[in-house]
Amino acid sequence: MKSIFVALMGSTLLASGAHAQDTAPLSASENASVAGDEIVVTAQKREQSLQDVPLSVAVLSGEQLSNRNITEISQLQTTTPNFSFQGSNNPRGAGLAIRGIGTNNFSSAIEGSVGIVIDGVPIGRQGAGMTDLFDIQRIEVLRGPQGTLFGKNASAGVLNIVTTDPSYSWGGKVQATYGEFDEFVLRGTVTGGLTSNLAFRASAYRTKRDGYIRNRFDDSRLNDRDEWGGRAKLLWEPADNIRVLVAGDYSSRDAACCMWTIRSFGNNADIRNRVTAAGIVPGPDNREVALDGRTFIRQETYGGSVQVDIEGTGGITVTSITGLRWWDATDNNDADQRPTPVLNINNGDSRQRQFTQELRLTSPSGEPFEWVGGLFLFNQDYELGNSQQGTFDQPLPPGVQLSRAIFVENDTQNFAAFADATYHLSDQFNVFGGLRYTVERLNTHFRRFANPGTILLGPNVDQKMKRVDGAWTWRMGAQFRPTEEVTLYGSVARGFKGGGFNALQDSTVLRTVEPEIPTSYEFGAKTELFDRRVRFNIAFFSTDFDDFQAQAIGVSDTGTLVFDVINAGSLRTRGIEADVDINMGSGLRLMGGAAYTRAKYTDFAGAPCYFGQTVAQGCIVSGGQARQDLTGKELAMAPKFTANASARYETEVSAAGASVFGQLSFAYRGSTFTALDLDPKSVQKAYGLLDAQIGFALPGDRLRAWIWGKNLTDKSFVELIYDTPLDTGGQSQFFPSTAARQFGATVEYRF
């Protein structure tokens, strides 16, 4: 497959050159996230100053990511208020949330509520976007529904990742990092002009880290990190009005990841006895397991894109972005939490292929009437196989095992037409609006069966279903600029995320999940004060979601976890978020942000009960189903208060230009339930993380070196608390790598 990919990228390059005269850019400054002190973004499909965009956007430059030693999407929540990451025991179950809203689930026929876009290409599955953050120009977090311009899976917001483009000036850098847990990160980049109109950029990385979960069975370390990858870009500008950018990337991950630990025992005496015998003490700080089965993740993510921009008559730009992506992932974890073959096989094997094509027209900037319009096509084939096998704690004859396996084939087509416009009534006042019509088709084939030589646990299923969803998404609003330093705006937007099916290992029938529809209101102000030394942006928002798609977790009669995807009625998220950037002068810069969010269910009468919930606590059993009414209750994984702040100081210390620098950063997340059923035992209490660095740069800034510390107060916290498989009443937890203090050093050489 990799040889096919290389051949495809070569043929794509030739094709782009052959057709350049028929189809071109934002501009050469597309990838400059900071021009002087102005932050440039493409949140509205054209280059604009952040202060001119009537939308709540948080922006992180590649330099800021490097300064904070952020190399994974999961770590972005420490730098961006109202952005969350929820981990999982495999990449298929991980998810993102913005303003408390996100869908992370194991169903291959349900997609996320937060869209991930990399260099203009929407990623069909969130797991396929969870790659290393290397050679990044900037990251834009677009809060709230973005269905008009971004369309695909953007009902809660978009994570827009822009990688760095080639430069005609030759240069590059090499960066090496070493830290605790034997963490080693090596990154390199080189760029330059091959001819007067042809430039390239190539970058690569290698990351290794020991695991932070100890397996007492064989004294191995789990939840490690072992990745490598690279990216190449070729920029061709045959004429002043033509720009062709060809990009390809590849990444590989092979790690003993990702395992949870026992937080408290339930009623399974065998688990209690064997775990205790291994010397493990359950609790909120437990980072030990005793497992005889295999735990691993192996995945390959690769693809390419061709963007062609042509500026035609009247300054109108024609842009074509063609993307091909592949994602292959295989994983297994020993889910029985003891050194016996009760549930050693708990694996997944997924294959995703996607093709995207966007064609749009963009009017020149600075005109009284600015507009963008186009067409979008998305095609995805996604296959997923899951298998569980073992004794499941059942009294079986020697050598006999139970199993349940599924194989799901999903074929998705998404077609959309969109338009967005801004009319400047005066230098101070404008109105804007946009409209998109989307048609999405989903065909799903779901099969449930036994592994060879085993007894099927549950019924056989062989079912095919299809659905077609069509929806209008839109936005409208107004913007007022009373002074050059202050911009006020207000907007209302309607979003859409297509429906799907509960294609899960626990499913005995393929059931429909209806589309998710948000309506959002936002009012904000963007300011640059005190001679533009202070940038302060604030937004008030209120969003109502109808038929929110949520993953519910329960326990079956056999004690195994039961995953389901349901429409959680309706919910509302309201709040306020602010970002500030203060240039104090003399090398000192202060940055930060905060958000207060109230996310509540406004109608969720059929929510699952948590284990042990009584009638007095609101659990009602009817028709064999235990349900509670969560109407008016808060949403899980949605902390009310999140904030971050950093102070960075850099100053020259010699006449030759040598300098020293230091940075102090703090991130805070309020308490939140981590389970949809609002189990009181699933609460992660509020916590704060303190990071710091100090370093120096030699004259000319060619060599920089710094030492750093993350989570300096050694705060322990978890991303998820849930019922332990096969141990009714027990609780397990999932730790991120950042939940322990870590020190390290980084050296960077620029040439």
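Right above here is the structure, for reference.
Given the structure is predicted, the values throughout are model-derived calculations rather than measurements.

Draft legend 1. Representation of the overall build of the chain. When helices and strands are counted, the chain shows 3 helices and 48 strands. For 751 residues, the compact-globule formula gives about 27 Å, and the C-alpha radius of gyration of the chain, at 26 Å, lands near that figure. For the C-alpha atoms alone, the extent of the chain along its principal axes is close to 75 × 60 × 55 Å. In the chain, buried positions account for 60% of the 751 residues. With an accessible surface of roughly 28,500 Å², the chain has 58% of that area assigned to carbon and sulfur atoms. Separation of charge centres in the chain, based on 70 positive and 82 negative side chains, amounts to 3 Å.

Draft legend 2. Structural context of the pattern of salt bridges. Enumeration over the complete set of coordinates arrives at 48 salt bridges. Here Arg 206 makes a salt bridge to Asp 226, at a shortest N to O gap of 2.6 Å. Of this pair, Arg 206 sits in strand β13 (residues 198-209) while Asp 226 is found in strand β16 (residues 225-239), placing the two residues 20 residues apart along the sequence. Of the charged contacts in the structure, one is a salt bridge between Glu 516 and Lys 497, with a shortest N-O distance of 3.8 Å. In this pair, Glu 516 is assigned in the loop between β30 (512-513) and β31 (517-529) and Lys 497 in the loop between β28 (486-494) and β29 (500-501), connecting sequence segments 19 residues apart. A single burial state applies to Glu 516 and to Lys 497, both of which are buried. Because the salt bridges share partners, they merge into one network encompassing Lys 173, Glu 650, Asp 701, Arg 704, Glu 748 and Arg 750.

Draft legend 3. Region of the structure containing the environment of Ala 405. Among the secondary structure elements, Ala 405 is positioned in strand β24 (residues 402-424). Classification of Ala 405 as buried rests on a relative accessible area of 3%. Sequence separation between Ala 405 and Asn 386 is 19 residues, and the spatial gap between their C-alpha atoms is 5.5 Å. Setting aside chain neighbours within four positions, we find Ala 405 in contact with Asn 386, Ser 387, Arg 447, Arg 448, Phe 449, Asn 451 and Gln 505.

Draft legend 4. Region of the structure containing the state of the cysteines. Within the structure shown, the criterion is met by 2 disulfides. The residue that forms a disulfide with Cys 609 is Cys 619, at a sulfur-sulfur distance of 2.2 Å. Disulfide Cys 609-Cys 619: torsion about the S-S bond near 105°, hence right-handed. With Cys 609 in the loop between β37 (607-608) and β38 (619-622) and Cys 619 in strand β38, this residue pair connects regions lying 10 residues apart in the sequence. Counting only the cysteines that form disulfides, in the order they appear in the chain, gives the pairing 1-2, 3-4.

Draft legend 5. View of the sheet that holds strand β14 (residues 213-215). Taken together, 3 strands build an open sheet; the order of strands is β15-β14-β19 and the sheet is mixed. If you trace the sheet from one side to the other, it starts and ends with β15 (220-222) and β19 (288-289), each paired once. For β14 and β15, the ladder comprises 3 bridges, and the chain directions are antiparallel. Along β15, the bridge assignment pairs Asn 215 with Ser 220.

Draft legend 6. Geometry of a nonpolar patch on the surface. A cluster of nonpolar side chains, namely Phe 369, Tyr 423, Leu 425, Phe 429, Val 431, Phe 480 and Leu 488, defines an oily patch on the protein surface of about 590 Å² accessible area. Take Phe 369: it is sitting in strand β23 (residues 369-390).

Draft legend 7. Spotlight on the sheet that holds strand β18 (residues 261-264). Read across the sheet, 3 strands follow the order β18-β47-β46 without closing on themselves; strand pairing throughout is antiparallel. Edge positions in the open sheet fall to β18 and β46 (720-723), since each of these has one partner strand only. Direction aside, the axes of adjacent strands within the sheet are offset by 35° on average. With 4 bridges joining them, β46 and strand β47 (residues 731-734) adopt antiparallel strand pairing. By the bridge assignment for β47, Asp 723 is matched with Gln 731.

Draft legend 8. Structural view of the pairing of strand β45 (residues 703-710). For β45, a buried count of 6 out of 8 residues is recorded, marking the element as mostly surrounded by other parts of the structure. Pairing of strand β44 (residues 687-697) with β45 involves 6 bridges; the strand directions are antiparallel. Directly across from Ile 694, in β45, lies its bridge partner Ile 707. Here β44 hands over to β45 after 5 residues, with Gly 700 in that stretch at a positive phi of 85°.

Draft legend 9. Geometry of the nonpolar core. Counting residues in each nonpolar core, the largest one holds 46 residues, and the members touching the most others are Ile 73, Leu 76, Leu 96, Ile 139, Leu 159 and Ile 161. Among all residues touching Ile 161, those that are not within four sequence positions of it are Ile 73, Ile 116, Val 117, Ile 118, Asp 119, Leu 133, Ile 136, Arg 138 and Ile 139. One finds Ile 297, Leu 689, Phe 717 and Ile 721 within the second-largest nonpolar core, a separate group that totals 29 residues.

About the criteria used
- Residues numbered from 1 in each chain as written.
- Predicted model: local features only at pLDDT ≥ 70, side-chain atom pairs only at ≥ 80, totals over all residues.
- Heavy atoms only, no water.
- Helix = DSSP H or I, 4+ residues; strand = E, 2+ residues; numbered from the N terminus.
- Rg over C-alpha atoms; globule rule 2.2 N^0.38 Å.
- Buried < 20%, exposed > 50% of the residue type's maximum accessible area, 1.4 Å probe, protein only.
- Areas by Shrake-Rupley, 256 points an atom, 1.4 Å probe, with all protein chains shown as cover.
- Lys, Arg positive; Asp, Glu negative; His and termini not counted.
- Charge placed at Lys NZ, Arg CZ, Asp CG, Glu CD.
- Salt bridge = Lys/Arg side-chain N within 4 Å of Asp/Glu carboxyl O.
- Contact = heavy atoms within 4.5 Å.
- Disulfide = S-S within 2.5 Å.
- Pairing = 2+ DSSP bridges.
- Patch = residues over 30% accessible without salt bridge, like charges linked within 9 Å, V, L, I, M, F, W, Y side chains within 5 Å.
- Axes fitted to C-alpha atoms, helices over the stretch in contact; angles between N-to-C directions.
- Core = buried A, V, L, I, M, F, W, Y, C linked by side-chain atoms within 4.5 Å.

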